[in-house]
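Structural characterization, general
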Amino acid sequence: MAGELNAAPVLSTPEDHLFEYAVVPTDDQTKARSDDELRDIYEITRTAKEVGEGGWRRIGLQFPDHMLCDAPRVVQLLEAELASLPQPTVPTSTADLQSTATACPEPSTTNNGPCGRHVQQNGAGCGCGKQAPAPVESQPKARRVYVLADTSYSACCVDEIAAEHVNADVVVHYGRSCLSPTSRLPVIYVFTKHILDRDAALADFEKEYPDKEAKVVLMADVTYQVHVLSLLSELQSRGYVNLLATEIVHNPMGRIPNRKVVDVQGKEVEISHGSETSTGLDLRDYSIFHISQPPTALLLALCSRVKNLYIFQTSSDSSSLYSAQRLLGRRYARLLSLTTAGIIGILVNTLSVSNYLSSIDSIRKQIAAAGKKSYTMVVGKLNPAKLANFAEIDGWVVVGCWESSLIEDDAGFYKPVITPFELELALASDDERVWTGEWWGGIEAVKPPIDEKPEEKKSEDNENNETQDTADAEQASGDGELDSEEESAPPEFDWRTGKLVSHSRPMRMAAPKPKSAKKEDSTEKPDAPPRSSALTLRSKAQELASVNGVVSPGAEYLRTQRTWVGLGTDFDEEASTTIEEGRGGVARGYTVGGEGEKHLIP
């Protein structure tokens, strides 16, 4: 007999099984700042000035997670600064006149009593012969400030979806940003200002580049950009003659993303794009001295465009030269794993970048042209648990900005996750796949889909109409030619395992088409030779599941490999049985059928 219970049974999850999210506090979170420091770091005065010049009333403040602790005080300081500015007035529009239209106060010329018609939009009479009163001018309305705390996707992108929830007129984006062009709302970027140990930075520079004629480009993260020009002037005074600096611009497709190269006088320097015909400064002759840890996507993009890269760490990490060769090798191995993938998932990781819709369309067409199947998913912030629900997907491609498209810690993902640039290489044939070391992460470099010209489309339609009868006849006589074409295709092997792969291009397999007896009779000719009754080996493609006559690899996976397909047995053939009366009664005992037998349940 079991022992007596000395305590209540545990009905909840033990504490050691709880999911814990460790948040390491940064230096900015542990220090208490004064109001003057917050005004300087978050550029309160500049932000309020731009809001006033734009005439915006509803302002959304987007903070990254590590800056949310300052959000309440930033809102108070910004509201106080905005209160000192003239309040905006809502411009009078046609919609305002319609919503504020008043009835004509004068009596009607008929005997039906006062006129009940509404005034016209142009202020004229309502038709009763009397002049309507002029519309009242709009009164100034107070500004409203909202905090956009939980971003829908990556913190570097402007969250226009959250801003639309509060009907914001403008978004103020704080912290690091990818500076990708938005599609709907205007944006005020506040990178925030951070303190830099200038002496340590200068000492590291002189230690790494003792030669005064070394060709170096000074670059910094956007949060330390304010210190670049002053460091350039100081190093020039110490004898360095071949130094250049960078300034922030909104150009993610630049040779250095979102940067332009300037000389000591601040004049822009033309940069060569790496081709033989391009003119300008060749960055491959220059080293980059970068202040603070850059994003990994920027490191991969720059590793093939500059001579070398030195990172001056502003945190406790040690500064050193950075080499991205091993990381590039890992990315190349990732894309090779998708060369034999038959089903590719498109992960939408942004709804704000201006060209994300055209990029999705272009990626779909690239995958279809390679004979593969694609499924588009919108899952918000990515994690391995979400993507593991789609076991039929062989690999993923992320549609996002040039920073968020790269999933760095992808070891825990069930299937590989790559960028659109890597997908283009993976879809290429083995003879055409050549990687020169160049790398790109976002959708900015995705070419828009090329639409067919009207003349080409018309001629193609005519050809299809002319060959329709021939195709029907071939389909009616069998699929032998199609089977032979599939069998004659060159074999494909997995580069990692060396095994033969037969399902890498499932959309090139033919789905069985229903045959119409009426059409067969109409196409049958009296003098036609009799059809061959010999046995023909059918391709396995005829056994694949299809939807509307098109092969569906997802449906095939659901039919053959999914162990649980949902509730219900609509597709099972069950033998019909006689309806019988079941059990009835209360929980302590049931009556079976109509015999009145009672079965007590202990």
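What you see is a predicted model; the values in this text were computed from it and never measured.

1. Describing the overall build of the protein
Looking only at helices and strands, the protein features 18 helices and 21 strands. The buried share of the protein, taken over its 602 residues, is 37%. Counting contacts in the protein only where the partners sit at least 6 residues apart, residues at least 24 apart contribute 64% of the total. On the protein, roughly 36600 Å² of surface is accessible, and the fraction owed to carbon and sulfur atoms is 51%.

2. Remarks on the packing of aromatic side chains
With the rule as written, the count across this model stands at 11 aromatic pairs. An angle of 20° between the planes, with centres 6.3 Å apart, marks the rings of Tyr189 and Phe191 as stacked. With relative accessibility at 14%, the residue Tyr189 sits in the buried group. Ring geometry for Phe289 versus Tyr310: centroids 5.4 Å apart, planes at 10°, classification stacked. Linking Phe289 in strand β8 (residues 287-291) with Tyr310 in strand β9 (residues 309-312), this pair joins segments that are 21 residues apart in sequence. You can call Phe289 buried: its relative accessible area is 2%.

3. Here we look at the packing of helix α11 (residues 356-369) against helix α13 (residues 420-427)
Two packed helices can be described by the angle between their axes and the distance between those axes. Two elements in contact, α11 and α13, have axes whose closest approach is 10 Å; the angle formed by their N-to-C orientations is 15°. With respect to their mutual orientation, α11 and α13 come out roughly parallel. Helix-helix and strand crossings are classified by hand; for α11 and α13 the assignment is left-handed. Contact residues: α11 offers Ile363, Gln366 and Ile367, while α13 offers Pro420, Leu423 and Leu427. Of the residues that constitute the contact of α11 with α13, the class distribution is five nonpolar, one polar and no charged.

4. Details of the sheet that holds strand β12 (residues 373-377)
Taken in spatial order, the four strands line up as β12-β11-β13-β14 in an open sheet, and their pairing is parallel. Each end of this open sheet is capped by a strand with a single partner; those strands are β12 and β14 (417-418). Where strand β11 (residues 343-348) meets strand β13 (residues 395-399), five bridges bridge the pair, whose relative direction is parallel. From the neighbouring strand, Ile346 faces β13, where its bridge partner is Val397.

5. Some details on the sheet that holds strand β2 (residues 144-148)
Neighbouring strands of a sheet are bound in pairs by backbone hydrogen bonds; such pairs are parallel or else antiparallel. As summarised here, the arrangement of the four strands in space is β2-β1-β3-β4, forming an open sheet in which the pairing is parallel. Each end of this open sheet is capped by a strand with a single partner; those strands are β2 and β4 (187-190). Mean inter-strand twist for the sheet, computed between neighbouring axes without regard to direction, equals 20°. In this structure, strand β1 (residues 58-62) lies alongside strand β3 (residues 170-174), joined through four bridges in parallel fashion. Bridging across to β3, Gln62 finds its partner in His173. Running over the sheet, helix α3 (residues 44-54) touches β1, β3 and β4 and is turned about 170° from β4. Contacting β1, β2 and β3, helix α4 (residues 71-83) runs over the sheet at an angle of about 160° to β2.

6. Quick notes on the pattern of salt bridges
Scanning the entire structure with this criterion turns up 17 salt bridges. Close ionic contact of Glu160 with Arg184 constitutes a salt bridge, the shortest N to O distance being 3.3 Å. Remark: Arg184 occurs in the loop between β3 and β4 and Glu160 occurs in helix α6 (residues 160-165); sequence separation between them is 24 residues. Overall, Glu160 belongs to the buried group, its relative accessible area being 0%. The class for Arg184 is partly exposed, based on a relative accessible area of 39%.

7. Let's talk about the environment of Glu268
The residue Glu268 is located in the loop between β7 (259-262) and β8 in this model. Along the sequence, Glu268 and Ala245 sit 23 residues apart, while their C-alpha atoms lie 9.6 Å from each other. What Glu268 contacts, discounting residues up to four positions off in sequence, is Lys260, Val261 and Val262.

8. Side note on α4
Given a rise of 1.5 Å per residue, 13 residues ought to cover 18 Å, and the 18 Å separating the end C-alpha atoms of α4 matches this to within 8%. Every buried residue belonging to α4 is among Ala71, Val74, Val75, Leu77, Leu78, Glu81 and Leu82, and all of these are buried. Turning to α4, the residues buried within the fold contact α2 (35-41), α3, β1, β2 and β3.

9. Overview of the side chain of Ser337
Summarising the element assignment, Ser337 is placed in the loop between α10 (325-336) and β11. Among the polar contacts made by the side chain of Ser337, one reaches the main-chain carbonyl oxygen of Arg334 at a distance of 2.4 Å.

10. Things to note about the pairing of β13
Counting buried residues in β13 gives five out of five residues, a clear majority hidden from the surface. Burial along β13 is two-sided: the face carrying Gly395, Val397 and Val399 and the face carrying Trp396 and Val398 are both buried. Inspection of the sheet shows β13 paired to β14 by two bridges, in the parallel sense. Within the sheet, the bridge partner assigned to Trp396 lies in β14 and is Val417.

11. With respect to the confidence of the model for the protein
With 65% of its residues at a pLDDT of at least 70, the protein reaches an overall mean of 75. Across the protein, the secondary-structure element scoring lowest on mean pLDDT is helix α5 (residues 94-99), at 44, and the one scoring highest is β3, at 95. For the stretch residues 92-103, pLDDT sits under 50, and the model shows 14 contacts to residues farther than four places along the chain or on other chains. Note that pLDDT drops below 50 for residues 105-125; the model gives that stretch 35 contacts with residues more than four away or on any other chain.

12. What to know about α13
With six of its eight residues buried, α13 lies for the most part within the structure. Among all positions in α13, only Pro420, Glu422, Leu423, Leu425, Ala426 and Leu427 are buried.

Calculation rules
Residues numbered from 1 in each chain as written. Predicted model: local features only at pLDDT ≥ 70, side-chain atom pairs only at ≥ 80, totals over all residues. Heavy atoms only, no water. Helix = DSSP H or I, 4+ residues; strand = E, 2+ residues; numbered from the N terminus. Buried < 20%, exposed > 50% of the residue type's maximum accessible area, 1.4 Å probe, protein only. Contact = heavy atoms within 4.5 Å. Areas by Shrake-Rupley, 256 points an atom, 1.4 Å probe, with all protein chains shown as cover. Phe/Tyr/Trp six-rings, centres within 6.5 Å; stacked < 30°, edge-to-face > 60°. Axes fitted to C-alpha atoms, helices over the stretch in contact; angles between N-to-C directions. Parallel < 35°, antiparallel > 145°, perpendicular 65-115°, else oblique. Left-handed = near helix turned anticlockwise from the far one by under 90°. Nonpolar A, V, L, I, M, F, W, Y, C, P; charged D, E, K, R; others polar. Pairing = 2+ DSSP bridges. Salt bridge = Lys/Arg side-chain N within 4 Å of Asp/Glu carboxyl O. Expected span 1.5 Å × (residues − 1). Polar contact = N/O pair within 3.5 Å; in protein donor to acceptor, adjacent residues only side chain to side chain. pLDDT = per-residue confidence, 0-100.

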